[in-house]
Structure formats: C-alpha cells, structure tokens
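# A look at the structure
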Amino acid sequence: MLQPKRVKFRRPHGIKYEGLSKGGNEVSFGEFGLQAVDGAWVTARQIESARIVLSRYTRKEGKVYVRIFPHLAKTKKPAEVRMGSGKGSPEEWVAVVKTNRVMFEMGGIPEATAREALRLASYKLPCRCRVISKKEEK
C-alpha cells in the first residue's frame, strides 16, 4: 500500500475535492491516460487495485505510470463510542483527486490494449473516468 513516510500533522483537516485540478491535467509520460471526470478521495487500496489490473491485463508489457499519491490521512472513531472526546485515529490514506486529473498513464503498448486496460481499471475507482490519449490533446 502507498502511504507517506512521514507527515507534518497526524490528523489533518479533510481537503475538498470539488472544483478543477490545477495541474496534472494532461498525459505527460505515456501515450494514454485515465482522467477523472468527477472529484473523489481515492484510497491507497483502490490505487493499488487499479495498478494491478493495468499490469495484469497488459501482461507487464509497456510501462504504467501512477500519477496520484495518497497524502491525506482519513480518521475514524471506533464503533459504539460516544460523541466528543476528540478526533478519531487515522484509518486509511487517500489521494485527493479533482476533476480532470490524470490518475494513470500507459505507454509502449498498442492503443486497443491500453484503452481496454484503462477501462477495466476505471471500475476499481470511486469516480467516473475517461480514457484520453496524447494525440487527442494536440
């Protein structure tokens, strides 16, 4: 699972995922990318699950680039605990994905294979996605 080595604050405020992504909106490393249509918090488990789908479908040919990282800790209080007495402990790590953010990229494989692999990976993610290519942007 992805998670930061160290953080400045253990229990941060929840960063909102509404609005458009400031950067990372275009395919930079590979030829094809998976772009978010909505905003969402994507957990480290979901990122890893999508990455496994991409590498398995392509039989580890080409290159897979993961463009998001889970920096934000999400906290949760234990079950059946009364209200109050502070914030819960960190339970999982999430990446804040805003609209138009490119989450995964692929290169070095045929277009049909890449599009199908990215489509299958999109089922593992909590937001709607679309497959884009470097050629479409120009």
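Details of the structure are given in the entry above.
Residues numbered from 1 in each chain as written. Predicted model: local features only at pLDDT ≥ 70, side-chain atom pairs only at ≥ 80, totals over all residues. Heavy atoms only, no water.

### Remarks on the sheet that holds strand β6 (residues 102–107)
In sheet architecture, strand pairing relies on hydrogen bonds along the backbone and comes in two forms, parallel and antiparallel. Worth spelling out the cut-off: Here the rule is simple: two strands pair whenever DSSP picks up at least two bridges between them. Counting from the N terminus, the helices are DSSP H or I runs at least four residues long and the strands are E runs at least two residues long. Helix axes are fitted only over the stretch in contact, all axes being lines through C-alpha atoms; the angle between N-to-C directions runs from 0 to 180 degrees.
Ordered by their spatial adjacency, four strands build an open sheet running β3-β6-β1-β7, and the pairing between neighbours is antiparallel. Of all strands in the sheet, those bounded by a partner on one side alone are β3 (63–66) and β7 (129–133). If you compare each strand with its neighbour and ignore which way they point, the axes differ by 20 degrees on average. Pairing geometry for β3 and β6, over four bridges, is antiparallel. Note on β6: the bridge partner recorded for Lys-63 is Gly-107.

### Observations concerning the nonpolar core
One recurring pattern in soluble globular proteins is that nonpolar side chains are buried together. As a reminder of what qualifies: Working definition of a nonpolar core: buried Ala, Val, Leu, Ile, Met, Phe, Trp, Tyr and Cys residues. They are joined through side-chain atoms within 4.5 Å. Burial classification: accessible surface area is computed with a 1.4 Å probe over protein chains only, and a residue below 20% of its type maximum counts as buried, one above 50% as exposed, and the rest as partly exposed. The contact definition used throughout considers only heavy atoms, calling two residues in contact when any of these lie within 4.5 Å.
Within the largest apolar cluster, 23 residues are counted, with the highest numbers of intra-cluster contacts made by Met-103, Phe-104 and Leu-118. The contact partners of Leu-118, leaving out residues within four places of it in the chain, are Phe-32, Gly-33, Leu-34, Leu-54, Phe-104, Met-106 and Val-131.

### A few points about the environment of Gly-62
Position of Gly-62 among the secondary structure elements: in the loop between α1 (44–57) and β3. Given a relative accessible area of 44%, Gly-62 falls into the partly exposed group. In this structure, the C-alpha to C-alpha distance between Gly-62 and Phe-9, residues 53 residues apart in sequence, is 38 Å. Once residues lying within four places of it in the same chain are set aside, the contact partners of Gly-62 are Gly-107, Gly-108 and Ile-109.

### Regarding the packing of α1 against helix α2 (residues 111–122)
The test is simple: Note that the term roughly parallel is reserved for angles under 35 degrees, roughly antiparallel for angles over 145, roughly perpendicular for angles of 65 to 115, and oblique for everything else. Note: crossing handedness is left-handed where the near helix turns anticlockwise from the far helix by less than a right angle, and right-handed where it turns clockwise. Basically, the charged four are Asp, Glu, Lys and Arg, the nonpolar ten are Ala, Val, Leu, Ile, Met, Phe, Trp, Tyr, Cys and Pro, and anything else, Gly included, counts as polar.
Between α1 and α2, the shortest axis-to-axis distance is 8 Å and the interhelical angle comes to 150 degrees. Classified by the angle their axes make, α1 and α2 are roughly antiparallel. Handedness of the crossing formed by α1 with α2: right-handed. Contact with α1, carried on its side by Ala-50, Val-53, Leu-54 and Tyr-57, involves Thr-113, Glu-116, Ala-117, Leu-118, Leu-120 and Ala-121 of α2 and no other residues of that element. Looking at the contact of α1 with α2 residue by residue, the class counts come to eight nonpolar, one polar and one charged.

### Side note on the sheet that holds strand β2 (residues 40–43)
One open sheet holds the three strands; their spatial order is β2-β5-β4, and the pairing between them is antiparallel. The sheet is open, and its two borders are formed by β2 and β4 (72–76), each paired with just one other strand. In this sheet, neighbouring strand axes are inclined to one another by 50 degrees on average, regardless of whether the strands run parallel or antiparallel. Of the pairings in the sheet, the one linking β2 to strand β5 (residues 89–97) comprises four bridges and is antiparallel in character. Opposite Thr-43, over in β5, you have Val-94 as the bridge partner. Helix-sheet contacts for α1 involve β2 and β5, and the interaxial angle to β2 is about 70 degrees.

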